[in-house]
Amino acid sequence: MAAAKPDPNFQPEIVVLYCRQALDAEERPPEGARQALGLGVRLVLLPCSSKVEAYQMLKIVEQGADGVLLLACPEKACRFLTGSLKAERRVQRARQLLGLVNMGPERVALRRVSGLSLKDILALAGQMASEVKALGPNPMKGDNLQ
Amino acid sequence: MKPRVGTQLEKVLLAGHFALTLEIGPPQSPNPEPLRKKAALLKGLGDGYNVTDNQTAVVRMSSIAASKIILDMGCEPVMQMVCRDRNRIAMQSDLLGASALGLRNVLALSGDHQKASAAGKLKGHPGAKNVYDIDSMQLIATIKGLRDEARQLGGDAIAEPAPFFIGAAWTPLGTPRNYRVLRLAKKIAAGADFVQTQAVYDVPAFAAQVAKARDMGLTDKAAILAGIIVPRSAGMLSYMDRQVPGVEVPAELIARMKQAKDTQAEGIKVTLELIQAVKEIPGVKGVHLQAIEAEELLPEIVAAAGLSPRPQV
Amino acid sequence: MIVAEWKPIPELLASLKGHKNILLVGCATCVAECAAGGEREVLTLAPVLKMGLKEQGQDVNIITKTLERQCEPEFVEELAEIAPQVDAIMSLSCGIGMQLVAERFIDLPLYPGVNTTSLAIREQPGLWTARCAACGDCMLGETFGLCPVARCAKSLMNGPCGGTRKDGKCEVDPDTECIWRLIVERAEARGRLEDLAKVRPAKDWSNSGHGGPKRMLREDLRS
Ligand code: SF4
Ligand code: SF4
């Protein structure tokens with residue numbers, strides 16, 4: 001596929017999967033598990049970062065998201081002991097597979113965080129957006145995306 | 001005792017002389033000239049010349065053809081045969097063919113796995129399907145059946161016996177070491193007449209294994225030829241010590257090679273000492289001597305070791 | 001279990017060239033245990049194939065389905081509803097299940113999504129190692145329960161070759177145990193090293209694939 005000309009107005013769509021435990025105790029998660037936050041950012045609340053499988057992250061990319069950011073607790077601070085480690089392995093697997101089909105492994109990433117506020121999440125999503133911007137819009141974007 | 005087969009190697013051993021075998025590797029070429037050149041260089045030097053069978057799983061001129069070529073030049077071959085590439089049908093057929101060509105010494109080996117080739121500089125054939133229909137032990141027994149009973153492995157008779165002087169390999173210091181003498185016993189029970197060993201540098205350790213074999217009566221049943229590889233450098237020795245299965249090199253020996261001003265001269269000196277040392281081990285009946293990529297050193301070494309000229313028997 | 005592994009992605013993509021509607025079918029038995037063809041792998045591979053084909057300019061629709069057991073006709077029957085909607089099937093089961101699917105849907109091309117490699121065990125999480133080669137002449141009783149046919153790189157019958165590494169690993173692979181070293185150790189531990197002293201004669205391979213395709217018949221079970 002020919003590389004698309006960088007579109008200065010391109011605003012990547014980022015899906016943020018975040019661990020409940022990484023959220024600041026004072027912070028109330030937005031109502032409902034799934035919610036859009038700001039422009040091009042969707043949030044998905046997880047009880048633990050290990051609740052997401054590689055295939056789910058791949059599916060999100062296949063459906064057109066430009067980036068998937070998984071926010072997990074620090075390795076030693078995982079409430080379920082090995083949850084965030086599992087999450088890291090799965091992110092690695094998803095990245096490896098994305099690389100094999102030239103979709104850009106960067107489209108899936110993991111960050112270890114704690115005491116998050118919603119503002120932090122937005123900021124991290126913004127960072128992720130600028131990281132995947134160079135890849136251009138996800139070529140899978142189309143009628144799949146709700 | 002009358003020789004069973006009558007090869008030079010057998011007669012030398014039977015007469016109680018200290019035997020000497022050397023090695024001539026077939027070329028990666030259809031041209032026999034490189035082979036003839038090596039044979040001409042080494043002719044008269046040893047009692048037998050091992051001709052390798054696609055060693056390290058790299059395709060070379062067949063062991064049978066190369067054996068015949070050097071036989072015609074007056075070098076008695078020890079034809080090697082590995083179990084990797086042929087099934088029992090092909091091997092027995094080749095043995096009959098080899099016999100028809102006048103080849104009488106055979107060395108039965110498992111053979112390097114086809115992946116071994118990929119470990120070196122060459123591509124080899126790591127994708128090959130190996131055979132291993134029978135193993136080296138069973139090959140020895142098969143050759144013995146052809147010779148002693150004029151019978152194939154499957155039970156059918158052959159018109160007349162195929163006379164072979166049967167050789168086997170032994171890795172006395174291999175892992176698991178406790179089993180290695182038992183494995184030698186099995187090879188001898190299967191029919192091995194002579195045995196060539198993996199390279200010896202640690203003489204006391206080797207002597208201890210030979211002593212065990214002697215206690216089991218094995219050294220009376222088969223002739224053990226100690227493997228000696230001329231050391232070329234300290235690097236080579238420490239590589240062999242670390243990487244080559246069944247080879248132990250004493251640290252002093254490596255240090256000695258390292259300190260030597262003239263490594264080649266030192267390597268020859270070490271070789272001569274090793275030959276002398278294994279000669280003194282009761283039950284060791286000869287040496288299998290190799291100078292890897294330095295065959296031109298062999299005439300000098302053999303002469304200096306007092307192994308020249310070879311006995312006429 | 002029967003162990004399989006994904007074929008390389010480029011090979012999979014190449015095999016699906018020209019197809020539009022693809023059924024990707026898994027099996028919840030052995031290949032699920034070895035993480036090659038269970039539901040999770042089916043769901044993982046589907047988006048990967050879709051993205052990979054899209055990247056090559058091919059739009060496809062992939063229907064996924066994981067059968068309880070792909071080597072049983074009644075489970076394969078569950079695909080009958082989907083089959084009319086697709087123009088190709090890719091199976092992630094072992095070669096046995098694949099053939100049953102190919103036989104049932106004879107008009108549809110069937111592509112293997114995995115290479116079936118071995119009869120193996122999950123030795124550790126994420127590590128499967130061969131145990132049996134279905135040789136048809138089991139000798140485990142003579143080798144202290146360790147199989148040299150499947151686990152010795154040369155299928156040796158009479159003890160270790162000269163290549164056993166110093167640390168006891170096989171000459172062929174520094175991460176694989178020399179099975180003969182382990183057999184000898186077990187024999188020693190039981191004080192039965194002598195059992196390994198007799199020469200084991202050449203094996204009869206005729207009851208394995210070498211004797212022609214295996215056909216096992218039990219009259220008492222025939223209907
Ligand atoms: S001996 Fe044969 S049947 Fe028994 S485990 Fe090994 S390969 Fe399988
Ligand atoms: S090292 Fe052991 S397992 Fe490997 S080929 Fe030799 S005997 Fe077989």
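Everything numeric here is computed off the predicted structure, so don't read it as measured data. (Residues numbered from 1 in each chain as written. Chains lettered and ligands numbered in written order. Predicted model: local features only at pLDDT ≥ 70, side-chain atom pairs only at ≥ 80, totals over all residues. Heavy atoms only, no water.)

## Observations concerning the environment of C:Glu72
Reasoning step 1: Position of C:Glu72 relative to the elements: it lies in the loop between β3 (61-67) and α4 (73-76).
Reasoning step 2: Residues C:Glu72 and C:Ile62, spaced 10 residues apart in sequence, show a C-alpha to C-alpha distance of 23 Å. (Helix = DSSP H or I, 4+ residues; strand = E, 2+ residues; numbered from the N terminus.)

## A look at the interface of chain B and chain C
Reasoning step 1: On the chain C side, the residues contacting the 32 residues of chain B number 30 residues.
Reasoning step 2: Counting each side, the surface lost to burial between chain B and chain C is near 2,500 Å², with a carbon and sulfur contribution of 56%.
Reasoning step 3: Of all residues in chain B, the largest losses of buried area upon contact with chain C belong to B:Thr175, B:Tyr179 and B:Lys186, amounting jointly to 22% of the total for that side.
Reasoning step 4: The tally of links from chain B across to chain C stands at zero salt bridges.
Reasoning step 5: Applying the counting rule to chain B against chain C returns 25 residue pairs in polar contact (both at pLDDT 80 or more).
Reasoning step 6: Elements with a minimum of two residues in the side of chain B that touches chain C: α6 (136-149), α7 (177-190) and α10 (234-243) of chain B.
Reasoning step 7: With seven residues, the top contributor of residues to the side of chain B that touches chain C is α7(B). (Contact = heavy atoms within 4.5 Å. Buried area = accessible area lost by both parts, 1.4 Å probe. Salt bridge = Lys/Arg side-chain N within 4 Å of Asp/Glu carboxyl O. Polar contact = N/O pair within 3.5 Å; in protein donor to acceptor, adjacent residues only side chain to side chain.)

## Looking at the packing of helix α4 (residues 88-100) of chain B against α6(B)
Residues and elements named next belong to chain B.
Reasoning step 1: Here α4 crosses α6 at 45 degrees, and the two axes come no closer than 11 Å. Classified by the interaxial angle, the pair formed by α4 and α6 is oblique. Note that α4 runs across α6; the crossing there is right-handed. Contact with α4, carried on its side by Met91, Gln92 and Leu95, involves Leu139, Thr142, Ile143 and Leu146 of α6 and no other residues of that element. (Axes fitted to C-alpha atoms, helices over the stretch in contact; angles between N-to-C directions. Parallel < 35°, antiparallel > 145°, perpendicular 65-115°, else oblique. Left-handed = near helix turned anticlockwise from the far one by under 90°.)

## Notes on the site of ligand 1
Reasoning step 1: All residues in the neighbourhood of ligand 1 are listed as C:Cys132, C:Ala133, C:Ala134, C:Cys135, C:Cys138, C:Met139, C:Leu140, C:Cys147 and C:Val149.
Reasoning step 2: The residue makeup of the shell around ligand 1, split by class, is nine nonpolar, no polar and no charged. (Near = heavy atom within 4 Å. Nonpolar A, V, L, I, M, F, W, Y, C, P; charged D, E, K, R; others polar.)

## A short note on helix α2 (residues 83-100) of chain A
Residues and elements named next belong to chain A.
Reasoning step 1: Here α2 is 18 residues long and its end C-alpha atoms lie 26 Å apart, about the 26 Å a rise of 1.5 Å per residue gives.
Reasoning step 2: Among the residues of α2, those classed as buried are Gly83, Ser84, Ala87, Arg90, Val91, Ala94, Leu97 and Leu98. The arc enclosing the buried residues of α2, seen along the axis, measures out at 135 degrees, which places them on a common side.
Reasoning step 3: A positive phi of about 55 degrees marks Asn102, the residue just after α2. (Expected span 1.5 Å × (residues − 1). Buried < 20%, exposed > 50% of the residue type's maximum accessible area, 1.4 Å probe, protein only. Arc of directions from axis to C-beta.)

## A look at the interface of chain A and chain C
Reasoning step 1: Between chain A and chain C, the contact holds 17 residues from the first and 13 residues from the second.
Reasoning step 2: Counting each side, the surface lost to burial between chain A and chain C is near 1,400 Å², with a carbon and sulfur contribution of 72%.
Reasoning step 3: Taken together, the connections running from chain A to chain C amount to two salt bridges.
Reasoning step 4: Between A:Glu53 and C:Arg40 there is a salt bridge whose closest N-O contact spans 2.8 Å.
Reasoning step 5: On inspection of chain A and its partner chain C, the count reaches two residue pairs in polar contact (both at pLDDT 80 or more).
Reasoning step 6: Of all the secondary structure elements, the ones that give two or more residues to the side of chain A that touches chain C are α1 (54-62) and α2 of chain A.
Reasoning step 7: At five residues, α1(A) tops the list of elements feeding residues into the side of chain A that touches chain C.

## Structural notes on the packing of aromatic side chains
Residue and element names in this part refer to chain B.
Reasoning step 1: One pass over the structure, following the stated rule, counts one aromatic pair over all chains.
Reasoning step 2: Ring centres of Phe165 and Phe194 lie 5.0 Å apart, and the angle between their planes is 25 degrees; on these two criteria the pair is classed as stacked. Taken together, the residues Phe165 in strand β5 (residues 165-170) and Phe194 in strand β6 (residues 194-199) connect sequence positions 29 residues apart.
Reasoning step 3: One residue, Lys279, lies across the ring of Phe18, its end atom 5.3 Å from the ring centre. (Phe/Tyr/Trp six-rings, centres within 6.5 Å; stacked < 30°, edge-to-face > 60°. Lys NZ or Arg CZ within 6 Å of the ring centre and 35° of its normal.)

## Some remarks on the sheet that holds strand β7 (residues 127-132) of chain C
Residues and elements named next belong to chain C.
Reasoning step 1: If you trace the three strands from one edge of the open sheet to the other, you get β1-β6-β7, paired in antiparallel fashion. Sheet topology places β1 (2-6) and β7 at the edges, where each strand pairs with a single neighbour. Here the strands of the sheet are splayed against their neighbours by 70 degrees on average, with no regard to which way each runs.
Reasoning step 2: As judged from the five bridges shared by β1 and strand β6 (residues 114-124), these two strands associate in the antiparallel manner. Paired with Trp6 across the bridge in β6 is Val114. (Pairing = 2+ DSSP bridges.)

## Points about the sheet that holds strand β1 (residues 19-23) of chain B
Residue and element names in this part refer to chain B.
Reasoning step 1: What the eight strands build is a closed barrel, ordered β1-β2-β3-β4-β5-β6-β7-β8; its pairing is parallel. With direction set aside, neighbouring strand axes in the sheet form an average angle of 30 degrees.
Reasoning step 2: With four bridges connecting them, β6 and strand β7 (residues 223-229) associate as parallel partners. The partner of Gln196 across the bridge, within β7, is Leu225.
Reasoning step 3: Set on the sheet, helix α3 (residues 63-72) makes contact with β2 (48-51) and β3 (77-82); between it and β3 the angle comes to about 180 degrees.

## Focus: the pattern of salt bridges
Residue and element names in this part refer to chain C.
Reasoning step 1: What the rule picks out here adds up to 36 salt bridges over all chains.
Reasoning step 2: One salt bridge in this structure joins Lys65 and Glu78, with 3.9 Å as the shortest N-O distance. Taken as a pair, Lys65 in strand β3 and Glu78 in the loop between α4 and β4 (88-91) lie far apart in primary sequence, 13 residues in all.
Reasoning step 3: For Glu78, a relative accessible area of 37% corresponds to the partly exposed category.
Reasoning step 4: The salt bridge partner of Glu142 is Arg200, with a shortest N-O separation of 2.9 Å. Of this pair, Glu142 sits in the loop between β7 and α6 (148-151) while Arg200 sits in the segment after α7 (179-189), and the two are 58 residues apart along the sequence.

## Remarks on α3(B)
Residue and element names in this part refer to chain B.
Reasoning step 1: Of all the residues in α3, the buried ones are Ser63, Ile64, Ala66, Ser67, Ile69 and Ile70.
Reasoning step 2: Of the surrounding secondary structure, the elements contacted by the buried residues of α3 are α2 (33-42), β2, β3 and α4.
Reasoning step 3: Gly74 sits one or two residues past α3 and shows a positive phi near 95 degrees.

## Some thoughts on unusual backbone geometry
Reasoning step 1: Here B:Thr175 and B:Pro176 are connected by a cis peptide whose omega angle stands at -10 degrees.
Reasoning step 2: Structurally, B:Pro176 is set in the loop between β5 and α7.
Reasoning step 3: In this structure, the amide linkage connecting B:Ser308 to the following residue, B:Pro309, adopts the cis form with an omega of -5 degrees.
Reasoning step 4: Residue placement: B:Pro309 occurs in the segment after α13 (298-304).
Reasoning step 5: The phi dihedral of B:Tyr132 is positive, around 40 degrees, even though this residue is not glycine.
Reasoning step 6: On the basis of relative accessibility, which here comes to 1%, the residue B:Tyr132 falls in the buried class.
Reasoning step 7: At C:Phe144, a position not held by glycine, the phi torsion is positive, near 55 degrees.
Reasoning step 8: Within the fold, C:Phe144 resides in the loop between β7 and α6.
Reasoning step 9: The class for C:Phe144 is buried, based on a relative accessible area of 9%.

## Regarding the domain arrangement of chain C
Reasoning step 1: Taken domain by domain, chain C comprises domain 1 (2-117) and domain 2 (135-201).
Reasoning step 2: The distance between the C-alpha centroids of domain 1 of chain C and domain 2 of chain C comes to 38 Å. (Domains from an automatic or database assignment.)

## As for the environment of A:Gly104
Residues and elements named next belong to chain A.
Reasoning step 1: With respect to the helices and strands, the residue Gly104 is situated in the loop between α2 and β5 (108-112).
Reasoning step 2: Using a relative accessible area of 7% as the deciding quantity, one classes Gly104 as buried.
Reasoning step 3: Between the C-alpha atoms of Gly104 and Gly67, which are 37 residues apart in sequence, the distance is 9.8 Å.
Reasoning step 4: The contacts of Gly104, once residues within four sequence positions are left out, are Leu98 and Leu135.

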